[in-house]
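# Observations on the model geometry
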Amino acid sequence: SQPIIRLFEAIMDRPQSLLSGDHTRTIKVATPTTGFLMKFVKTTLTCLGCRTPLKEGQNTVCDHCKPKEADICSKTMGNVNDMQNHFAQLWTQCQRCQGSLHQEVLCTSRDCPIFYRRRKAHKDLIEAHKTLERFSMSW
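I will try to describe carefully the structure that is included in this document. (Residues numbered from 1 in each chain as written. Predicted model: local features only at pLDDT ≥ 70, side-chain atom pairs only at ≥ 80, totals over all residues. Heavy atoms only, no water.)

As a further point, take the overall build of the protein. Check the secondary structure of the protein and you find 3 helices and 0 strands. A principal-axis box enclosing the C-alpha atoms of the protein has dimensions of 65 × 45 × 30 Å. For the protein, the residues scored as buried account for 21% of the 139 residues in total. When the accessible surface of the protein is summed, it comes to about 11600 Å², and 55% of that surface belongs to carbon and sulfur atoms. Both charge centroids of the protein, one from 20 positive and one from 13 negative side chains, sit 2 Å from each other. (Helix = DSSP H or I, 4+ residues; strand = E, 2+ residues; numbered from the N terminus. Buried < 20%, exposed > 50% of the residue type's maximum accessible area, 1.4 Å probe, protein only. Areas by Shrake-Rupley, 256 points an atom, 1.4 Å probe, with all protein chains shown as cover. Lys, Arg positive; Asp, Glu negative; His and termini not counted. Charge placed at Lys NZ, Arg CZ, Asp CG, Glu CD.)

Written out as structure tokens, the structure reads:
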């Protein structure tokens, strides 16, 4: 922010106003999940290969992507593995910051950038696990 302020000091009286105010706010409109209209909405699963809506009885891929199901499954497993490694690295970093590698992380510091990255990584990992569970793999 300091370089921007230095650039605009010659042009404006108060260059700090560029970095704060109503024009910097973002408004996020949440999609309703309950209510009158949501009673009529039906959510369907989409194909993991081409994102088309799946028919009844299909859980992972459509008929067109059925020959590539093993490849899609391996990519999904690789994605889950990468997310697990990323979350484990962030978790370990939080444990080091806390001072103990043998206890659960109790950090709730909202000033720490790793806190938000760890929370997002955990949320993404849960979604990836749900996607992986769509494949009916039994050993």
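Counting residues in each nonpolar core, the largest one holds 19 residues, and the members touching the most others are Cys47, Val61, Cys62, Cys65, Ile72, Val80 and Phe135. At the level of secondary structure, the elements contributing two or more residues to this core comprise helix H2 (69-98) and helix H3 (113-133). When neighbours within four sequence positions are excluded, phenylalanine 135 is seen to be in contact with Leu48, Thr60, Glu69, Ile72, Cys73 and Thr76. (Core = buried A, V, L, I, M, F, W, Y, C linked by side-chain atoms within 4.5 Å. Contact = heavy atoms within 4.5 Å.)

What follows is about the pattern of salt bridges. This structure, assessed with the given rule, holds 4 salt bridges. For the salt bridge of aspartate 71 with lysine 75, the shortest nitrogen-to-oxygen distance reads 3.7 Å. With a gap of 4 residues between them, aspartate 71 and lysine 75 both fall in helix H2, about one helical turn apart. For aspartate 71, a relative accessible area of 42% puts it in the partly exposed group. Salt-bridge contacts for glutamate 127 lead to lysine 130; the nearest nitrogen and oxygen are separated by 4.0 Å. Of this pair, glutamate 127 and lysine 130 are both found in helix H3, 3 residues apart, which corresponds to roughly one turn of the helix. Take glutamate 127: its relative accessible area is 45%, and that puts it in the partly exposed class. (Salt bridge = Lys/Arg side-chain N within 4 Å of Asp/Glu carboxyl O.)

Right, let's talk about the layout of surface pockets for a bit. What the largest pocket holds in volume is close to 280 Å³. Listing elements by their share of the lining of the largest pocket, those giving two or more residues are H2 and H3. By residue number, the principal contributor to the lining of the largest pocket is H2, which donates 5 residues. When its residues are assigned to classes, the lining of the largest pocket shows 6 nonpolar, 5 polar and 4 charged. The volume enclosed by the second largest pocket comes to roughly 170 Å³. Along the walls of the second largest pocket sit Phe87, Trp91, Glu104, Val105, Leu106, Cys107, Thr108, Phe115, Arg118, Arg119, His122 and Lys123, which together make up its complete lining. (1 Å grid on protein atoms, 1.4 Å probe; cavity = no way out; pocket = protein on both sides within 12 Å on 5 of 7 lines; lining within 4 Å. Points joined across faces, edges and corners; volume = space filled by probe spheres on them. Nonpolar A, V, L, I, M, F, W, Y, C, P; charged D, E, K, R; others polar.)

What follows covers a nonpolar patch on the surface. A cluster of nonpolar side chains, contributed by Ile4, Leu7, Phe8, Ile11, Leu18 and Leu19, occupies part of the molecular surface with about 550 Å² of accessible area. Note that leucine 18 resides in the loop between helix H1 (2-8) and H2. Classification of leucine 18 as partly exposed rests on a relative accessible area of 32%. (Patch = residues over 30% accessible without salt bridge, like charges linked within 9 Å, V, L, I, M, F, W, Y side chains within 5 Å.)

In the structure shown here, the tally under the stated rule is 2 aromatic pairs. Ring geometry for phenylalanine 87 versus tryptophan 91: centroids 5.8 Å apart, planes at 40°, classification tilted. Residue phenylalanine 87 and its partner tryptophan 91 are both found in helix H2; the two are separated by 4 residues, about one turn of the helix. Seen from their ring centres, phenylalanine 115 and tyrosine 116 are 5.3 Å apart, and the 80° between their planes marks the pair as edge-to-face. The class for phenylalanine 115 is buried, based on a relative accessible area of 6%. Judged by relative accessible area, tyrosine 116 falls into the partly exposed class, the value being 43%. (Phe/Tyr/Trp six-rings, centres within 6.5 Å; stacked < 30°, edge-to-face > 60°.)

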